[in-house]
Amino acid sequence: MDFRLMGLDSPLLSTIHHMMDMSDDNADAKNINAPTRTYVRDAKAMAATPADVKEYPQSYVFVIDMPGLKSGDIKVQVEDDNVLIISGERKRDEEKEGAKYLRMERRVGKFMRKFVLPENANTDAISAVCQDGVLTVTVQKLPPPEPKKPKTIEVLCMPLGCDY
């Protein structure tokens, strides 16, 4: 309830209102349905890793900027036979003696993206190349299934009066 709507806009009532809101937040934190720390960390890592996804006639291509990372810092995996996971960690440069940061804008820490692959993705034919700070993951498509041909069943004629 907002006391300001009733014309009561005093610092004391504002403080009480703020304390009541904080108690609601703490109650939600203990809620079973509240997201776990791991989930929140993964969600932030995924939001901070933009990607382009392209479809070609024979493949799907995922392009992600990875400036300053070496191939050992990047992990590409397939989970549950249809989820492509691209993850890794960008580490902070070692500080040299006498130097201090005036501004830090480049992201450091873990990053991750998950992509649910289509049914026709061939998870046994995936390649990943990191060149000039751009990671390109290519997932080949499975060949289209051949249309099923009708099966012909031979009809046997039995002479009349035969016992089975």
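Above this text you will find the structure in question.
Residues numbered from 1 in each chain as written. Predicted model: local features only at pLDDT ≥ 70, side-chain atom pairs only at ≥ 80, totals over all residues. Heavy atoms only, no water.

On to the sheet that holds strand E4 (residues 83–90), then. Ordered by their spatial adjacency, 3 strands build an open sheet running E3-E4-E5, and the pairing between neighbours is antiparallel. On the outer flanks of this sheet lie strand E3 (74–79) and strand E5 (109–116), each paired with one strand and no other. With direction set aside, neighbouring strand axes in the sheet form an average angle of 15 degrees. Here E4 pairs with E5 via 8 bridges, running antiparallel. Note on E5: the bridge partner recorded for Ile 85 is Lys 114. (Pairing = 2+ DSSP bridges. Helix = DSSP H or I, 4+ residues; strand = E, 2+ residues; numbered from the N terminus. Axes fitted to C-alpha atoms, helices over the stretch in contact; angles between N-to-C directions.)

A cluster of nonpolar residues, Tyr 101, Met 104 and Val 108, forms a patch on the protein surface that exposes about 260 Å² of accessible area. Here Val 108 shows up in the loop between E4 and E5. With a relative accessible area of 40%, Val 108 lands in the partly exposed category. (Patch = residues over 30% accessible without salt bridge, like charges linked within 9 Å, V, L, I, M, F, W, Y side chains within 5 Å. Areas by Shrake-Rupley, 256 points an atom, 1.4 Å probe, with all protein chains shown as cover. Salt bridge = Lys/Arg side-chain N within 4 Å of Asp/Glu carboxyl O. Buried < 20%, exposed > 50% of the residue type's maximum accessible area, 1.4 Å probe, protein only.)

The next subject is the pairing of strand E7 (residues 134–141). Here 7 bridges tie strand E2 (residues 59–65) to E7, and the two strands are oriented antiparallel to one another. Paired with Asp 65 across the two strands is Val 134, which belongs to E7. Pairing between strand E6 (residues 121–131) and E7: 7 bridges, direction antiparallel. Across the sheet, the residue bridging to Cys 130 is Leu 135, located in E7.

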